[in-house]
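# Overview (structure and organization)
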Amino acid sequence: MSFLIRRPAARCVLLDNARRVFLIRSEDPIDPHKPEWLEIPGGGVGYGEDSAAACRRELYEETGITDVEMGPCVWTQYVEYTFCGMRFESHERIHVAWCDGGEYRPRGLEALEAAAFIEAGWWTLDELLANNEPTVPARLREFLPAVVAGDLGDPPIDISPDLPAV
């Protein structure tokens, strides 16, 4: 039996001046059978916090990068997943942000994040498209090229993965 956590969440497509995206390589520390994945920074939205503020906080906690220009919410998604034996139902707002770059120096990782995060750094779009590891969001490769090109869309695009039939 596992816990079910339903939560609003925020993630951030962080781009530098060279249009590279910041990705974190992660693993599930208690499930050695789950493959590693690449993810954009993000996490739960705190009480009274909006998604842009949550993105800023998560960027600080998970990357250490603070000098960012926060952009609009470009994508939304509903996802269900299991991590560390807990089931999540997450309604996510995904913003874009820009910065001059920076080194990976997380400032406030939770214990499970510290156990899950393997490494992080900047990826070109070509590097990501040539890689076949799973990503979070799952449809990142499909929708990232438009954002990198500056097509932010309005309103945000729903990029929810297809959920398996029950």
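Figured I'd write up the structure that's included with this text.

Calculation notes
Residues numbered from 1 in each chain as written. Predicted model: local features only at pLDDT ≥ 70, side-chain atom pairs only at ≥ 80, totals over all residues. Heavy atoms only, no water. Helix = DSSP H or I, 4+ residues; strand = E, 2+ residues; numbered from the N terminus. Expected span 1.5 Å × (residues − 1). Buried < 20%, exposed > 50% of the residue type's maximum accessible area, 1.4 Å probe, protein only. Polar contact = N/O pair within 3.5 Å; in protein donor to acceptor, adjacent residues only side chain to side chain. Phe/Tyr/Trp six-rings, centres within 6.5 Å; stacked < 30°, edge-to-face > 60°. Salt bridge = Lys/Arg side-chain N within 4 Å of Asp/Glu carboxyl O. 1 Å grid on protein atoms, 1.4 Å probe; cavity = no way out; pocket = protein on both sides within 12 Å on 5 of 7 lines; lining within 4 Å. Points joined across faces, edges and corners; volume = space filled by probe spheres on them. Nonpolar A, V, L, I, M, F, W, Y, C, P; charged D, E, K, R; others polar. Pairing = 2+ DSSP bridges. Core = buried A, V, L, I, M, F, W, Y, C linked by side-chain atoms within 4.5 Å. Contact = heavy atoms within 4.5 Å.

Before going further, it helps to examine helix H1 (residues 51-63). Spanning 13 residues, H1 covers 17 Å between terminal C-alpha atoms, matching the ideal 18 Å at 1.5 Å per step. All of the buried residues in H1 are Ser 51, Ala 54, Cys 55, Glu 58, Leu 59, Glu 61, Glu 62 and Thr 63. One side-chain oxygen of the residue at the start of H1 lies 3.2 Å from the amide nitrogen of Ala 52, identifying that residue as Asp 50.

We now examine the packing of aromatic side chains. For the structure on display, the rule yields 5 aromatic pairs. Consider the rings of Phe 22 and Trp 122, whose centres lie 5.1 Å apart with planes at 80°: the pair is edge-to-face. One end of the pair, Phe 22, is in strand S2 (residues 21-26); the other, Trp 122, is in strand S7 (residues 117-123), and 100 residues separate them in sequence. With a relative accessible area of 1%, Phe 22 lands in the buried category. Their ring planes at 65° and their centres at 6.4 Å tell us that Trp 75 and Phe 143 sit as a pair that is edge-to-face. Of this pair, Trp 75 sits in strand S5 (residues 68-83) while Phe 143 sits in helix H4 (residues 140-148), placing them 68 residues apart in sequence. Judged by its relative accessible area of 1%, Trp 75 falls in the buried class. Among the aromatic residues, those joined into a cluster by ring pairs are Phe 22, Tyr 104 and Trp 122.

Throughout the structure, instances matching the rule amount to 12 salt bridges. Measuring nitrogen to oxygen at the nearest pair gives 3.5 Å for the salt bridge that ties Glu 39 to Arg 11. One end of the pair, Glu 39, is in strand S3 (residues 37-39); the other, Arg 11, is in strand S1 (residues 4-15), with 28 residues separating them in the sequence. Of the residues examined, Arg 11 reaches a relative accessible area of 7% and is grouped as buried. The partner of Glu 142 in a salt bridge is Arg 139, and the shortest N-O contact between them spans 2.8 Å. Classification of Arg 139 as partly exposed rests on a relative accessible area of 26%. Through salt bridges that share partners, Arg 25, Glu 36, Glu 119 and Glu 133 make up one connected network.

Taken as a whole, the largest pocket spans an internal volume of roughly 820 Å³. If you trace the largest pocket, you find 38 residues lining it, with Arg 11, Trp 37, Tyr 81, Phe 83 and Val 136 closest to the centre. A total of 6 residues in the lining of the largest pocket trace back to one element, the largest contributor, which is S5. Class assignment of the residues belonging to the lining of the largest pocket gives a composition of 18 nonpolar, 6 polar and 14 charged.

Time to look at the pairing of S5. Inspection of the sheet shows S5 paired to strand S6 (residues 86-99) by 13 bridges, in the antiparallel sense. Across the sheet, residue Val 68 finds its bridge partner in S6, namely Cys 99. In this structure, the hairpin formed by S5 and S6 is closed by a connection of 2 residues, where Cys 84 is found at a positive phi of approximately 55°. The pairing of S5 with strand S9 (residues 157-158) spans 2 bridges and is parallel. Residue pairing across strands places Trp 75 opposite Ile 157, the latter belonging to S9.

With that settled, the discussion passes to the nonpolar core. One finds Leu 14, Ile 65, Val 68 and Met 70 to be the most contacted residues of the largest nonpolar core, which totals 21 residues. Only S1, S2, H1, S5, S6 and S7 provide two or more residues apiece to this core. If sequence neighbours within four positions are ignored, Ile 65 has contacts with Leu 14, Phe 22, Leu 59, Tyr 60, Cys 99, Gly 101, Gly 102, Glu 103 and Trp 122. Core analysis: the second largest hydrophobic core is formed by 19 residues, Leu 15, Trp 75, Leu 140 and Leu 144 among them.

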